[in-house]
Amino acid sequence: MSILNTTIKPFTATAYKKGEKDYVTVSDADLKGQWSIFFFYPADFTFVCPTELGDMADLYAEFKKLGVEIYGVSTDTHHVHKAWADASDTIGKIEYYLVGDPSWTITTNFDNLREGVGLADRGTFLVDPDGVIQYLEITPEGVGRNAAELLRKVKAAQYVRNHPGEVCPAKWEEGDSTSPRRSTSSARSDDLHTRGGRRDRSAPVPPHAPHHRTQHGTLNHPEEPMLDDATTTTLSGYLANVKEPVELVASLDDSPKSAELWSLLEETAALSERVTVRRADDAVRRPSFRIERLGTDVAVEFAGIPMGHEFTSYVLALLQVGGHPVKADDETIAQVRSLEGDLHFETYMSLTCQNCPDVVQALNAMSVLNPGITHVAIDGALNQAEVEDRQVLAVPTVYLNGELFGSGRMTIEQIVAKLDTGAVERRAAAIAEKDPFDVLVVGGGPAGAAAAIYSARKGIRTGIATERFGGQVLDTMAIENLISVPYTEGPKLATALEQHVLEYDVDVMHLQEATALEPAGTDGLIGVRLANGAVLRSRTVVLSTGARWRTMGVPGEEQYRNKGVTFCPHCDGPLFKGKRVAVIGGGNSGVEAAIDLAGVVGHVTLLEFDAQLRADEVLQRKLRSLPNVDVVVSALTTEVLGDGAKVTGLSYDDRVTGEHRQVDLDGVFVQIGLLPNTEWLRGAVELSGRGEIVVDDHARTSVPGVFAAGDCTTTPFKQIVIALGAGATASLSAFDHLIRTSAPAEAVEVEAAELVTA
């Protein structure tokens, strides 16, 4: 049944709009008193037609003159919209709303969901000021839309509304005469809507001619290229570095996603004479494809469409399979090549996960370096049955030869260390032989990076010992308050920090966990003992160990970690699509997580220990506007419940009434702040009651020659920009300490005497 002349049901969604300081909320209330156009795209926002977008953007001012607001809707998140607005000139100029509808709230409201696929059909809807749908056109075959023609239809619909009893002919233009309305149905010409309101989705689609150099198979293509002009130009430049012939081997079915993948592969092959594509259909997972170096066993596999955060992984895989050198230190490359046995890795990832590319790229590189290693990166959203069967509730999750290998961000060094049992001992021995440093930085987050750079620029011997370079920044999705950088993402910033550090003569020691701070001996050298047993010695030390997510400390939390208990709504939110989840914490982080999750999951319950939320009021207002969020205050979480394999709920006590309650859930997102990584320093330096390193305004600790910076200290306001400044302060103070303590004794006595005389 057509939904023409029906009133839009209540909805709320989050959108990106150029010029707005923050993401905005749109709802059915916004439609009242204005004309509105909703135009849907069938899948990821990255796959939309640039021509259509450009046309709509060019005519946006004309639509606004008619009192019309435009909403472009896809089943992606608003984060994806912003990312592509930043990356694409075409999308970047759009001024209308780009709405994320990952939970299908709007799509189902307009009866525009493609059953069994979870995507929206390509549809256009005109809604009048009363919220009533006056025009619709749904074209699942991919027939394009013309913005100028749509503008004419809006004028026609407005004329009809302002002239009751009259009806426009099919090709009405302003100034044309009209005819008396004979019946309600006479107004519904084929020009104003698709006959019957919706095309038959089962109808055959005309075949699309394959692109050149396709060696096997044809498939219906999406109506527009997968890659916009800017991306095509960039990719073409990268493919110039392919040295060996590469073949893209696809396994496809009849789904729209297969059509999109096929188009991506053909568009890629068209950019290089060294890249060919064929359809084999020999893999179980579909859509999927392999990147193979012809005549060899070198290959990388993707079960999905590597767009979003994984597009970089796709480009790197093409280059590395094509003979471009893997970027890693010589020691790591040698370790990978020396690994023995057949190692088959499977990585479950999400295209919206900022942590996944590191793991995917590391394992891809390893499979290129060692013929005994294979790897397939699996998009969990396209392989839901497999995800459910293996109960994957966090990404990235890695399996090795069918057994769980690890979960969360891992670098190539971390993966190799788990596989090569002798690596730890060899690295410990190498570290033990290092000469003493002038400044040793412990921790590789923003504070540690800044400290290392400022020290190295002084020309003194500088080292960094860190578990993972980037620290907590790696787990941060969007960063919009780093001065002079309007928007970036945590992993991108972490990479930039490390690259900056490596421009100087800094000895960076990865995968090193500090376990003890040893006081200076008669030689004046302070010791830092590592978990592998080695001891690093330095004349001064800068502690920048950062902080980690604070846990609830209740039964079931650790048992179900990564089995429903998680800390990253951006990474793991898509795995809970349509399900019920809880967010623990009512500060800014908790409320922001609840807002983001509300656009993905079925329902969010936010629990706050205090009697009121502590988040900024603007965030609270946005939270209260969401229909699928419940807020519970004065709630003490007492246990995470599960069935042994995954989370099934949680229990909490009402701190006002004392009543014990239980909530049925599929996931729990913990957002209750940070805990400083300072347990190993107890008894060595002065700590506050919260475990923070006590520092003065020069970043000095209670121990001479030991300085500290960043989130692990008593410095207020845990922000990236503050950590960067604190790291620089600590380094300059360490340099000042070195100057003063290394001066000859006579010079010090003379200086002291002069001070007394003065």
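We now turn to the structure provided with this report. From a predicted model like this one, the values you see are computed outputs, not experimental measurements.

**Regarding the overall build of the protein**
When helices and strands are tallied, the protein shows 21 helices and 38 strands. The proportion of buried residues among the 758 residues of the protein is 54%. Here the protein has roughly 32700 Å² of accessible surface; of this, 51% comes from carbon and sulfur atoms.

**Observations concerning the sheet that holds strand E19 (residues 403–407)**
Across the sheet, which stays open at both edges, the 8 strands sit in the order E13-E12-E14-E15-E17-E16-E18-E19 with mixed pairing between neighbours. In this open sheet, the two strands that pair with only one neighbour each are strand E13 (275–279) and E19. Strand-to-strand twist across the sheet, computed as the mean angle between neighbouring axes with direction ignored, equals 20°. Sheet topology places strand E12 (residues 246–251) next to E13; 5 bridges connect them, and they run parallel. Note on E13: the bridge partner recorded for Ala250 is Arg279. Most of the contacts of helix H8 (residues 256–269) go to E13, to which it runs at about 155°, and overall it touches E12, E13 and strand E14 (288–293).

**Quick notes on helix H7 (residues 229–239)**
When H7 is considered as a whole, its buried residues turn out to be Thr231, Leu235 and Leu239. Looking down the long axis of H7, one finds its buried residues gathered within 70° of arc, a one-sided arrangement. Among the exposed residues of H7, those oriented more than 90 degrees off its buried face are Asp229 and Thr233.

**Observations regarding the pattern of salt bridges**
Applying the stated criterion to the full structure yields 31 salt bridges. Lys579 is the partner of Glu388 in a salt bridge, and the nearest nitrogen-oxygen pair spans 3.2 Å. Taken together, the residues Glu388 in helix H12 (residues 384–390) and Lys579 in the loop between helix H17 (569–572) and strand E30 (580–584) connect sequence positions 191 residues apart. Exposure remark for Glu388: the relative accessible area of 44% places this residue in the partly exposed category. Among the ionic pairs, Arg614 bridges to Glu608, the shortest N-O distance being 3.0 Å. Residue Glu608 is classed as buried on the basis of its relative accessible area, which comes to 3%. Here the salt bridges share partners, and the residues they tie into one network are Arg285, Glu346, Glu386 and Arg390.

**Things to note about the sheet that holds strand E33 (residues 635–642)**
Reading across the sheet, the 3 strands line up as E33-E34-E35 and stay open at both edges, with antiparallel pairing between neighbours. Two strands close off the open sheet at either side, each with one partner strand: E33 and strand E35 (660–664). Neighbouring strand axes in the sheet, compared pairwise and without regard to direction, differ in orientation by 25° on average. The pairing of strand E34 (residues 647–654) with E35 spans 5 bridges and is classified as antiparallel. Among the inter-strand pairings, Leu650 is bridged to a residue of E35, identified as Val663.

**Points about helix H11 (residues 356–369)**
Think of an α-helix as turning once every 3.6 residues; residues three or four places apart then point the same way. Here H11 contains 14 residues, and its C-alpha end-to-end distance of 20 Å stays within 8% of the 20 Å for a straight helix at 1.5 Å per residue. Counted residue by residue, H11 has 13 buried out of 14 residues, so it is predominantly covered.

**Looking at the environment of Pro306**
Turning to its location among the elements, Pro306 is positioned in the loop between strand E15 (299–303) and helix H9 (311–321). Each C-alpha atom of the pair Pro306 and Ile378 lies 9.5 Å from the other, and the pair is 72 residues apart in sequence. Among residues more than four places away in sequence, those in contact with Pro306 are Leu264, Phe289, Phe311 and Tyr314.

**Examining the nonpolar core**
In terms of nonpolar packing, the biggest core is built from 83 residues, with Leu248, Ile291, Tyr314, Phe345, Met366, Leu419 and Val604 touching the most fellow members. With 9 residues, the top contributor of residues to this core is H11. For Tyr314, the contacting residues outside a window of four places in its chain are Leu248, Leu264, Leu265, Thr268, Phe289, Ile291, Phe302 and Pro306. Counting 31 residues, the second largest nonpolar core, distinct from the first, contains Ile453, Ile460, Val506 and Ala730.

**Concerning the packing of helix H18 (residues 588–598) against helix H19 (residues 617–624)**
It is the contact of H18 with H19, at a shortest axis distance of 10 Å, that shows an interaxial angle of 30°. Overall, the two elements H18 and H19 adopt an arrangement that is roughly parallel. Our pair here, H18 against H19, has a crossing hand that is left-handed. Residue-level contacts link Asn588, Val591, Glu592, Ala594 and Ile595 of H18 to Leu619, Gln620, Lys622 and Leu623 of H19. Here the residues of the contact of H18 with H19 sort into 5 nonpolar, 2 polar and 2 charged.

**Brief notes about the packing of helix H15 (residues 446–456) against helix H20 (residues 720–742)**
How two helices pack is summed up by the angle between their axes together with the distance between the axes. Taken N-terminus to C-terminus, the directions of H15 and H20 make an angle of 35°; their axes are 7 Å apart at the nearest point. Pair H15 / H20 crosses with right-handed handedness. Residues Pro446, Ala447, Ala450, Ala451, Tyr454 and Ser455 of H15 form the contact with H20, whose own contacting residues are Ile720, Ala723, Leu724, Gly727, Ala728, Ser731 and Leu732. Of the residues contributing to the contact of H15 with H20, the split by class is 10 nonpolar, 3 polar and no charged.

Reading the values: the criteria
Residues numbered from 1 in each chain as written. Predicted model: local features only at pLDDT ≥ 70, side-chain atom pairs only at ≥ 80, totals over all residues. Heavy atoms only, no water. Helix = DSSP H or I, 4+ residues; strand = E, 2+ residues; numbered from the N terminus. Buried < 20%, exposed > 50% of the residue type's maximum accessible area, 1.4 Å probe, protein only. Areas by Shrake-Rupley, 256 points an atom, 1.4 Å probe, with all protein chains shown as cover. Pairing = 2+ DSSP bridges. Axes fitted to C-alpha atoms, helices over the stretch in contact; angles between N-to-C directions. Contact = heavy atoms within 4.5 Å. Arc of directions from axis to C-beta. Salt bridge = Lys/Arg side-chain N within 4 Å of Asp/Glu carboxyl O. Expected span 1.5 Å × (residues − 1). Core = buried A, V, L, I, M, F, W, Y, C linked by side-chain atoms within 4.5 Å. Parallel < 35°, antiparallel > 145°, perpendicular 65-115°, else oblique. Left-handed = near helix turned anticlockwise from the far one by under 90°. Nonpolar A, V, L, I, M, F, W, Y, C, P; charged D, E, K, R; others polar.

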